[in-house]
Amino acid sequence: MKKLLAVLLTLMMVLSMSTLAMAEAATEITLWTYPIGGWGNEETVNGIIANFNAVHPEIKVTVQYLDYASGDDQVTTAIEAGTTPDIIMEGPERLVTNWGAAGKMLDVSDLWTEEALADIGATSQAVVAACKTADGKYYEYPLCMTTHCMIIDRAAFEAADAMQYIDEETHTWTTEGFENALRALAAAGNPVTGIVYCGGQGGDQGTRALAMNLYSAKFTNEDHTAYTMNSEAGVKGIQKLADLVTEGVLTADPSIVAGDEIALFCNGTAKMSFCWNASAAASNKTSIAEGIEPFPMAFPSEDGVPELCGGIWGFGLFNNGDDAKAAAAKTFIQFVSDDKTQGPASVYATGFFPVRSSFGDIYAGTEKADNADYAIFMPYLGDYYNVTSGWATQRTEWWNMLQRVFAGGDVTTEVNAYVDASNASITK
Amino acid sequence: MQKTIDISKQLKQTRRRENIAGYLFMAPSLLFFAGFVIFPMGMCLFTSMFDYTMTNFDFVGFSNYYELFRDPTFGKSLINTIIIVVASVPTVCLFSLWVGSIIYKLKDIHTSFFRCIFYLPVVTGSVAVTVVWKWMFNPYYGLLNYVFKGLGIISTNMNWLGNMDTALWCIILILFTTSVGQPIVLYVSALSNVDHSLVEAAEVDGATNMQVFWRIKWPQIMPTTLYILVITTINSFQCFALIQLLTSGGPNYATSTIMYYIYYEAFKLSRYGYGSAMGVILAIIIALFSAVQFRLAKSDQ
Amino acid sequence: MDHSVQKVTAYKVIAVILLIVLAVLFTFPLYWIITGSFKDARAINSPAPVWFPLQPTDANYIKLFTKPAGLWMFNTVFLCVMAMVLTCIAAAMGGYALAKKHFAGRGILFSIFVCAMALPKQVILIPLLKEMAFLNIHNTLWAVILPTVGWPFGVFLMKQFSENIPNEMLEAARIDGAGEARTFTDIVFPMIKPGVGALAIFTFITAWNDYFLQLIMLNDTQVLTISLGIAKLQSELSTDYGLIMAGAALGSVPIIVIFLMFQKFFTRGITMGAVKG
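What you see is a predicted model; the values in this text were computed from it and never measured.

Q: If you had to explain the overall build of chain A to someone new, which residues and values would you point to?
A: What chain A contains, in helices and strands, is 16 helices and 11 strands. For a compact globule of 428 residues, the expected C-alpha radius of gyration is about 22 Å, and chain A comes in at 23 Å, within 12% of that figure. With the C-alpha coordinates aligned to their principal axes, the bounding extent of chain A is approximately 70 × 60 × 50 Å. The buried share of chain A, taken over its 428 residues, is 57%.

Spelled out as structure tokens, the structure:
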């Protein structure tokens, strides 16, 4: 009994002392990062931090790796508990619209120098607009961007004589071509062609782009104040997907998430994946089974001219009320994003494309040279509507709507219910 | 006169000594209990009256509760929770009684063997059990589809967790395998403690096995049964890891329970006040269930 | 003895066969975890199951230990042992006081403890989270340990055990001049020891399986428990079942071995908890 108490007391003392010791160290900042390409990989990130510390040894960076399934919950918990990190790496839909709009982020306007504005603006004004709030604050300093596309197994398509429906030059196809290709694949004895995953969480861009493009629907209105998938074109697109599932040439699966769907493509179960981009290509390179010939494709649309959903990623600062840490965090962001050698290297790690036009083609002559293939989709980059308010609710409702539709629900009713619920969550 | 004062003084002193000693002994547990159970409980009641989100903290009275009763998802989650409780509590109890009644008569080593086997899923841990089931349920290369197809029960792969009609039953099945361990242990011990002289007397009188069981053994294991009912009920109400890891409440809320919905509202949508209100309602429901069970216990004695 | 020479009825034979089948089914998930952890991707993803990995691979374990899996294991054990020790000490003292000390407010206090017992922990998670943040221990193992210790079941159980201590023994100790502390450590504690053992096992299993509280309170990779670690593997790499099974095996096999070794204590712990509870 006494021994036990003694052990206990010692343990408690050791524990409290170790917390004290930690508080005394120099400027320490924390970085939380989602798996944005190589930024989810400890080795890669440690390399970047080592480069940073070679120049700024006075700042210590600790990293936490979030995943897309539980990352949002972790940040929400941290906000509630007041234990948010100093820096977070993600896209504007969360940094600006979600946490920024809730007043949890610091304005990073001072990172947006004249030079940065011009350089990034030269790539796309949409990127600048996405990082900025209505009242002119910037909650995000972007690093990289991409367009989300899909991938098909060329070998399976050839075996099913389905390549004829594809414009191999431009990597595009029409809605009709897509349907015919699905039928050809199914007729050739593939039990699973493509899977409309709707298990929730991330990867929503894939299912969204698929449904939108079939009949060129708009996801939101132009000034991003209302969700509009209940338009005629939107309903028609979702109805088409439901019909294809009923016909048995497409699979709908509420039990899997985007990551599962990608894995099922890689192991040859599915013949296409709707959740693909340059980074997915790089990170899945080794897991693609033998015999599969990945061939990137744009989403099918009636006129063959897709409007692809973009992705923007970069850094934001949580407002933790510590100026020294905020300053150190900004130093870090500047080094990682703007430095002439580190900047391109940081982008290279993501597998995406730089937002700064001055970085040029960062993949030329590297082992990721294939990534440049995906640059052909950049001209199809559509409106960055992800910054619409109520995004988190919209996303959950989107999955639920798909689940109801594929369970046999009436498309018009369900899409209207989804749009109503999403619009209700928009804060004016 | 002098003497009586002394006695009362002494009495007072003893009482004070008892009070001080009592509170000192209570201090550690009371500290933890008050600090980490009672205080948050009070806070839960308090915050349930507020529109409490990431940005707001405004008093709204009972409007969270009002909204709850109109929220179809809450209704659905409540129904799912009740389905889980109603489906799993009797099956767990009957199954473990049946297993217990067979194995308690076996040789000691066999008894402990079976007891161990059925207790395994409990010690394996809820998360480990859940992930392996998720793999077995996988619609593309999961074991269950293969086995069921082989047995001719189904002809094409079923999407067990993705189907609104089957998902909840999958959850109930897994919950079942992790719930019977403790009741079986309890029944084995209760049945072994049944007074054998009564059983023998009845057998001599020519009572059938069934009669012996219901007339003599059943009343004696009644307290155990009640205890099992209570713990299984609480256990079923609290089923969370399974749902969060297997289905995240989907498809389309088909497996959402109150417990999961609280988590969802609080940590996905940051609606803390609303979540707290749900917590209060859940506490009331469980209190009612417990009260009914205690009533049953009393009337039986 | 009559009842030991039992008739072998058809029902009994069928029942035992059925039990054996059930036993196989109940053990199967564990078998699938352990064999799965040694399978390569091809065997994992094969639509026709590979019943036994004939070419076992250790790649999953190597991959698992590129994550701080050892630390997760340590965290889990630390958390469970701490919760267990603190609960036993606090509950033994509290239960004794409630049973034997006639202090003012004892009745009310006991009723509150009993009422709180049926309440699910999840109900109070939001304020609890705020409280841990305020105490500056959110995202540390203590944020899980302290609420576990506060749970009233232990006090209740210990009170039931302490009721059995004969008052004469306490009286005798007092007459011998033993102080309150001495009485507790020398007389009371040895008498309620079996109960404390039962409570220890009970708390350990509860803490081990309390995924929810851990999920809310622990964020950083360095403070995760093995359960959270497996869950994180599952959400990061949802289809790498070989790796996930390796994590599941690491998390479950040690406690299963402990369970099999101390099976008697476990069984006794569970039954005593029930009889007194």
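Q: I'd like a description of the interface of chain B and chain C, backed by residues and values.
A: Chain B puts 88 residues into the contact, and the matching count from chain C is 99 residues. Summing the contributions of chain B and of chain C, the shared interface buries around 8100 Å²; its carbon and sulfur component is 78%. Among the residues of chain B in contact with chain C, Phe 25, Phe 36 and Trp 135 of chain B are the three that bury the most area, contributing 10% of the side total. Scanning the region where chain B abuts chain C turns up two salt bridges. Remark: the boundary between chain B and chain C carries eight residue pairs in polar contact (both at pLDDT 80 or more). In terms of residue count, helix α1 (residues 2-47) of chain B provides more of the side of chain B that touches chain C than any other element does, 23 residues in total. Residue composition of the side of chain B that touches chain C, grouped by class: 63 nonpolar, 19 polar and six charged.

Q: How would you summarise the side chain of Ser 179 of chain B if you had to cite specific residues and measurements?
A: Tracing the chain through its elements places Ser 179 of chain B in helix α7 (residues 167-179). Setting aside anything within four residues of it in sequence, one finds Ser 179 of chain B in contact with Val 92 and Asn 235 of chain B.

Q: Before we move on, could you go through the domain arrangement of chain A and cite the residues and values that matter?
A: Residue and element names in this part refer to chain A. Looking at the assigned domains, one finds that chain A contains domain 1 (27-146 + 311-380) and domain 2 (149-307 + 389-424). Computed from C-alpha atoms alone, the centre-to-centre distance between domain 1 and domain 2 is 28 Å. Taken together, the contact pairs 20 residues of domain 1 with 23 residues of domain 2. When the buried surface of domain 1 facing domain 2 is broken down by residue, Tyr 374, Phe 377 and Tyr 380 rank first, second and third, together holding 42% of it. Inspection of the region where domain 1 meets domain 2 yields one salt bridge. Residue Arg 395 is joined to Asp 72 by a salt bridge in which the shortest nitrogen-to-oxygen separation is 3.2 Å.

Q: Outline the sheet that holds strand β10 (residues 310-317) of chain A, listing residues and values.
A: Residues and elements named next belong to chain A. Read from one edge of the open sheet, six strands run β2-β1-β3-β10-β4-β11, paired in mixed fashion. Each edge of the open sheet carries a strand with a single partner, namely β2 (60-65) and β11 (353-354). Examined bridge by bridge, strand β4 (residues 141-147) and β10 share six bridges and lie antiparallel to one another. Each residue of the ladder has a partner; that of Tyr 141, found in β10, is Phe 315.

Q: Lay out the confidence of the model for chain A with the relevant residues and their values.
A: Per-residue confidence for chain A averages 88 on the pLDDT scale, and 94% of its residues sit at or above 70. Between residues 20-24 of chain A, whose pLDDT stays under 50, and residues either more than four places distant or in other chains, the model counts one contact.

Q: Give a detailed account of the environment of Asp 51 of chain B, specifying residues and quantitative values.
A: Residues and elements named next belong to chain B. Relative to the elements of secondary structure, Asp 51 occurs in strand β1 (residues 50-52). Note on Asp 51: relative accessible area 28%, which makes it partly exposed. Spatially, the C-alpha atoms of Asp 51 and Gly 100 are 50 Å apart, while their sequence positions differ by 49 residues. Within polar-contact distance, the side chain of Asp 51 engages the side chain of Asn 56 at 3.3 Å.

Q: Break down the domain arrangement of chain C for me, citing the residues and quoting the values.
A: Residues and elements named next belong to chain C. Per the domain assignment, the segments making up chain C are domain 1 (2-36) and domain 2 (66-273). The centre of domain 1, based on its C-alpha atoms, is set 33 Å off from the matching centre of domain 2. Facing five residues of domain 1, the contacting portion of domain 2 comprises seven residues. Taking both partners together, domain 1 and domain 2 bury about 390 Å²; carbon and sulfur atoms supply 83% of that area. Contact with domain 2 buries surface across domain 1, with Leu 30, Ile 33 and Gly 36 losing the most and accounting together for 83% of the total.

Q: I'd like a rundown of the interface of chain C and chain A, residues and numbers included.
A: Between chain C and chain A, the contact holds 24 residues from the first and 24 residues from the second. Taken together, both faces of the contact between chain C and chain A bury some 2200 Å²; the carbon and sulfur share is 62%. By the criterion of area lost to chain A, the three top residues of chain C are Ile 89, Trp 142 and Asn 219 of chain C, representing 21% of everything that side buries. The interface formed by chain C and chain A holds two salt bridges in total. Close ionic contact of Asp 67 of chain A with Lys 232 of chain C constitutes a salt bridge, the shortest N to O distance being 3.5 Å. Elements with a contribution of two residues or more to the side of chain C that touches chain A: α4 (69-100), α6 (125-134), α10 (180-209) and α12 (226-236) of chain C. Ranked by residue count, the leading element in the side of chain C that touches chain A is α4 of chain C, at five residues.

Q: Before we move on, can you summarise unusual backbone geometry with the specific residues and values?
A: Despite not being glycine, Ser 216 of chain A has its phi angle at roughly 50°, a positive value. Turning to its location among the elements, Ser 216 of chain A is positioned in the loop between α9 (204-214) and α10 (232-247). Classification of Ser 216 of chain A as partly exposed rests on a relative accessible area of 39%. Of note, Asn 136 of chain C is a non-glycine position whose phi angle comes to about 65°, a positive value. Relative to the assigned elements, Asn 136 of chain C resides in the loop between α6 and α7 (142-150). Relative accessible area serves as the criterion here: at 66%, Asn 136 of chain C is assigned to the exposed category.

Q: Give me the packing of aromatic side chains: which residues, what numbers.
A: All told, the structure shown has 73 aromatic pairs over all chains when counted by the stated rule. Between Tyr 374 of chain A and Phe 377 of chain A the ring centres are 6.4 Å apart and the planes differ by 55°, which places this aromatic pair in the tilted class. Across the pair, exposure class does not vary: Tyr 374 of chain A and Phe 377 of chain A are buried alike. Taking 5.6 Å as the distance between ring centres and 70° as the angle between the ring planes, the aromatic pair formed by Trp 398 of chain A and Tyr 418 of chain A counts as edge-to-face. One end of the pair, Trp 398 of chain A, is in helix α15 (residues 391-406); the other, Tyr 418 of chain A, is in helix α16 (residues 411-424), with 20 residues separating them in the sequence. Judged by relative accessible area, which is 0%, Trp 398 of chain A ranks as buried. In this structure Tyr 418 of chain A comes out as buried when scored by relative accessible area, which is 0%. An aromatic cluster is defined as three or more aromatic residues linked by ring pairs; in this entry it consists of Phe 240, Tyr 253, Tyr 260, Tyr 261, Tyr 263, Tyr 264 and Phe 267 of chain B together with Tyr 211 and Phe 212 of chain C. A cation over an aromatic ring shows up here: Arg 271 of chain B above the ring of Tyr 274 of chain B, its NZ or CZ 4.2 Å from the ring centre. Note that Lys 39 of chain C overlies the ring of Trp 32 of chain C, its terminal NZ or CZ placed 3.6 Å from the centroid.

Quick notes on the rules
Residues numbered from 1 in each chain as written. Chains lettered and ligands numbered in written order. Predicted model: local features only at pLDDT ≥ 70, side-chain atom pairs only at ≥ 80, totals over all residues. Heavy atoms only, no water. Helix = DSSP H or I, 4+ residues; strand = E, 2+ residues; numbered from the N terminus. Rg over C-alpha atoms; globule rule 2.2 N^0.38 Å. Buried < 20%, exposed > 50% of the residue type's maximum accessible area, 1.4 Å probe, protein only. Contact = heavy atoms within 4.5 Å. Buried area = accessible area lost by both parts, 1.4 Å probe. Salt bridge = Lys/Arg side-chain N within 4 Å of Asp/Glu carboxyl O. Polar contact = N/O pair within 3.5 Å; in protein donor to acceptor, adjacent residues only side chain to side chain. Nonpolar A, V, L, I, M, F, W, Y, C, P; charged D, E, K, R; others polar. Domains from an automatic or database assignment. Pairing = 2+ DSSP bridges. pLDDT = per-residue confidence, 0-100. Phe/Tyr/Trp six-rings, centres within 6.5 Å; stacked < 30°, edge-to-face > 60°. Lys NZ or Arg CZ within 6 Å of the ring centre and 35° of its normal.

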